[in-house]
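# A closer look at the structure
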Amino acid sequence: MRIALAVGWWRIARAKIAHTKFVRNLICRPLLSVDSPDIWKINPGSSSHFSSHPSSNFSASNEKIGVVLDGKLIANDLKSRIAGEVNEMKKAIGKTPGLGIVLVGERRDSHTFIRTKVKACNEVGIVSVVAELPNNSKEGDICDAVSRFNDNPSVHGIIVQLPLPKHLDEEKIMNVVSVEKDVDGFHPLNMGNLAIAGREPLFIPCAPKACLELLLRYGMDLRGKKAAVVGRSKIVGLPTSLLLQRHQATVSLVHAFTGNPEKVTCQADIVVSDVGTPNTIRGHWLKPGAVDPKRSSGYRLVGDVCYDEAIKKVAAITPVPGGVGPVTIAMLLSNTLDSAKRCYDFT
Ligand SMILES: Nc1nc(=O)c2c([nH]1)NC[C@@H]1CN(c3ccc(C(=O)N[C@@H](CCC(=O)O)C(=O)O)cc3)C=[N+]21
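Being a predicted model, the structure only gives us computed values, none of them experimental.

## Some details on the sheet that holds strand β3 (residues 127–133)
Strand order in this open sheet of three strands is β3-β2-β4, and the pairing throughout is parallel. Edge positions in the open sheet fall to β3 and β4 (157–160), since each of these has one partner strand only. Mean inter-strand twist for the sheet, computed between neighbouring axes without regard to direction, equals 15°. Where strand β2 (residues 98–104) and β3 come together, seven bridges link them in parallel fashion. Residue pairing in the sheet places Val 102 in a bridge with Ala 131 of β3. Lying on the sheet, helix α5 (residues 108–124) is in contact with β2, β3 and β4; it crosses β2 at an angle near 170°. Most of the contacts of helix α6 (residues 139–151) go to β2, to which it runs at about 175°, and overall it touches β2, β3 and β4.

This is the structure we're talking about:
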């Protein structure tokens, strides 16, 4: 059975008639773009890292292989720019950006991620404070820890490391994070504003921002491109699909209930995957010449894209480790710096 719901038919019809003006009104402004100076301040907007054309890359057996998008290189570039700005802020107004981290329980992967984030803060001169709570903490204890960061004027960004132990209501805790300090971009107001055309969230989630950074640096014009996002988590899939839409891509969101997901990914120019199961995305799931800024699958150092198969098909791919992960961390630093700047009205 096929059903077509023509909810927006009249808009499309009118758009066709009064093409130029109306279409422009319908399309929402991108949040990240090489020529949008406010978000691009710490970004050179250069695609020089990946200037070699894919067709010039051949493996030992003379097969064409894709360009590997080097996330470490980009992260280092972003971090050195952030460090410069942090330093300028200290010199000019004597203030240092601060990040408050709430870490609950003993999950090894969460502890590793937090160590990486703390180290990255140290590298750029951002002060980080970790509030560690035991696994059996009550919801009230976590909310109190978040509230203390909300009230602390030297903390400009707050993250609650996910996942939380099962007995806790994640959404309720996310709601407590002040929207002005929500550097993860998971607060309903920030996520909601990301979804609505013409509205500006205060923060965009870090992993989606990292994917966009990689794509834009690769020199990809997203307008009208077909993008398939695999996975609909609040950390990656959902906000990435929203951000790609704001960049005028045509987005399909593939998830556990999608029949024949490979049919959708096969047609996509861009595939972003965050499913957490290694090697889910096989070579035959990809259109030859597509770009694939994939995310790592949690703590396993294996991508959820089958790298060996994919690299022979795509124009560009991100590795795990060393792809989207390090850029995601750089984006957390960037969001924290932005928050501190906003707090002190420092440009
Ligand atoms: N509130 C919250 N915010 C998050 O942003 C968040 C979270 N919870 N929970 C878990 C996921 C996962 N995530 C990663 C970030 C960086 C790497 C990363 O840098 N990975 C390295 C490898 C890391 C290693 O060596 O273990 C890489 O891909 O090269 C990975 C995963 C952020 N997350």
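## What about the pattern of salt bridges?
According to the stated counting rule, one finds 13 salt bridges in the structure shown. Taking the shortest distance from any N to any O, the salt bridge between Arg 107 and Asp 109 comes out at 2.7 Å. Taken together, the shared-partner salt bridges connect Asp 77, Arg 81, Glu 213 and Arg 217 into one network.

Calculation criteria
Residues numbered from 1 in each chain as written. Predicted model: local features only at pLDDT ≥ 70, side-chain atom pairs only at ≥ 80, totals over all residues. Heavy atoms only, no water. Pairing = 2+ DSSP bridges. Helix = DSSP H or I, 4+ residues; strand = E, 2+ residues; numbered from the N terminus. Axes fitted to C-alpha atoms, helices over the stretch in contact; angles between N-to-C directions. Contact = heavy atoms within 4.5 Å. Salt bridge = Lys/Arg side-chain N within 4 Å of Asp/Glu carboxyl O.

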